[in-house]
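Observations on the model geometry
Each chain, written out:
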Amino acid sequence: LPTGAEWEYAARAGSTTAYSYGDDASELGKYSWFLDNAGETTHPVGQKLPNAFGLYDTHGNVWEWVDSGNGDERITRGGSWWYNASRQLADDIATKPRDTRVGYIGFRCVATF
């Protein structure tokens, strides 16, 4: 799993704005699945626009587990179809119990070369 810092850098695509594409929340539907447009289900990756790094669904679809650096904690980043647009920010962090198993949390692997 990526660290929280790695995940946020990738999700923001190097930007410092609220979203990888800027600060305009009205554009979120072009990049993200969330409560208002997802029909309460996970969608295949690649149906929305990618960020500047070519990554899809970093602002929604499913929350993503990240390495917290602490074996006792589980942290998710991003956003999901279960939450409204205000919870789709790259800096949104949620702590979940270690045994959480729900359809709106997934993961993204890190490849090192």
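As shown above, the structure is provided for reference.
Quantities reported herein were computed from a predicted structural model and do not represent experimental measurements.

1. Regarding the pairing of strand 3 (residues 93–96)
Two faces make up the sheet, and in a regular strand the side chains alternate between them. Of the two faces of strand 3, the one lined by Ala94 and Lys96 is fully buried and the one lined by Ile93 and Thr95 carries no buried residue. Where strand 2 (residues 74–77) lies against strand 3, four bridges are found, and the strand directions are antiparallel. Within strand 3, the position partnered with arginine 77 by the bridge is isoleucine 93.

2. Examining helix 1 (residues 4–12)
All of the buried residues in helix 1 are Gly4, Trp7, Ala11 and Arg12. Take helix 1 and look down its axis: the buried residues cluster within an arc of 120 degrees, on one side only. Pointing more than 90 degrees away from the buried face of helix 1 are the exposed residues Ala5 and Tyr9.

3. Some words on the sheet that holds strand 4 (residues 105–107)
Pairing within the open sheet is mixed, and its four strands lie in the order 3-2-1-4. What marks the edges here is a single partner per strand, and that holds for strand 3 and strand 4. For this sheet, the mean angle separating the axes of adjacent strands, direction not counted, is 40 degrees. Pairing analysis gives three bridges linking strand 1 (residues 63–66) to strand 2, with the strands arranged antiparallel. In the sheet register, tryptophan 65 faces strand 2, and the bridge partner there is threonine 76.

4. Notes on the pattern of salt bridges
Considering all chains together, one arrives at four salt bridges under this definition. The partner of glutamate 8 in a salt bridge is arginine 12, with the nearest N and O atoms 2.8 Å apart. Pair noted here: glutamate 8 and arginine 12 are both in helix 1, with a separation of four residues, about one helical turn. Judged by relative accessible area, glutamate 8 falls into the partly exposed class, the value being 22%. Under the relative-accessibility criterion, arginine 12 is labelled buried at 12%. Through salt bridges with shared partners, one network takes in Glu8, Arg12 and Arg77.

5. Thoughts on the side chain of asparagine 61
By secondary structure assignment, the location of asparagine 61 is in the loop between helix 1 and strand 1. Accessibility expressed as a relative area gives 4% for asparagine 61, which makes it buried. Reaching out from asparagine 61, the side chain makes a polar contact with the backbone oxygen of histidine 43 at a distance of 2.8 Å. Only 3.4 Å separates the side chain of asparagine 61 from the side chain of aspartate 57, close enough to count as a polar contact. Contacts of asparagine 61, omitting those with residues within four sequence positions, involve Trp33, Thr41, Thr42, His43, Gly79, Ser80 and Trp81.

6. Thoughts on the packing of aromatic side chains
In this structure the tally under the stated criterion is eight aromatic pairs. Arranged with centres 5.9 Å apart and planes meeting at 85 degrees, the rings of tyrosine 83 and tyrosine 104 form a pair that is edge-to-face. With tyrosine 83 in the loop between strand 2 and strand 3 and tyrosine 104 in the loop between strand 3 and strand 4, this residue pair connects regions lying 21 residues apart in the sequence. Residues tyrosine 83 and tyrosine 104 agree in their burial class; the two are buried. Counting every residue linked through ring pairs, the aromatic cluster contains Trp63, Trp81, Trp82, Tyr83 and Tyr104. Of note, arginine 74 hangs over the ring of tryptophan 65, and the distance from its end group to the ring centre comes to 5.9 Å. Directly above the aromatic system of tryptophan 63 lies the positively charged group of lysine 96, at a separation of 5.6 Å from the ring centroid.

Rules used throughout
- Residues numbered from 1 in each chain as written.
- Predicted model: local features only at pLDDT ≥ 70, side-chain atom pairs only at ≥ 80, totals over all residues.
- Heavy atoms only, no water.
- Buried < 20%, exposed > 50% of the residue type's maximum accessible area, 1.4 Å probe, protein only.
- Helix = DSSP H or I, 4+ residues; strand = E, 2+ residues; numbered from the N terminus.
- Pairing = 2+ DSSP bridges.
- Arc of directions from axis to C-beta.
- Axes fitted to C-alpha atoms, helices over the stretch in contact; angles between N-to-C directions.
- Salt bridge = Lys/Arg side-chain N within 4 Å of Asp/Glu carboxyl O.
- Polar contact = N/O pair within 3.5 Å; in protein donor to acceptor, adjacent residues only side chain to side chain.
- Contact = heavy atoms within 4.5 Å.
- Phe/Tyr/Trp six-rings, centres within 6.5 Å; stacked < 30°, edge-to-face > 60°.
- Lys NZ or Arg CZ within 6 Å of the ring centre and 35° of its normal.

Scope: geometric values only; no functional claims are made or implied.
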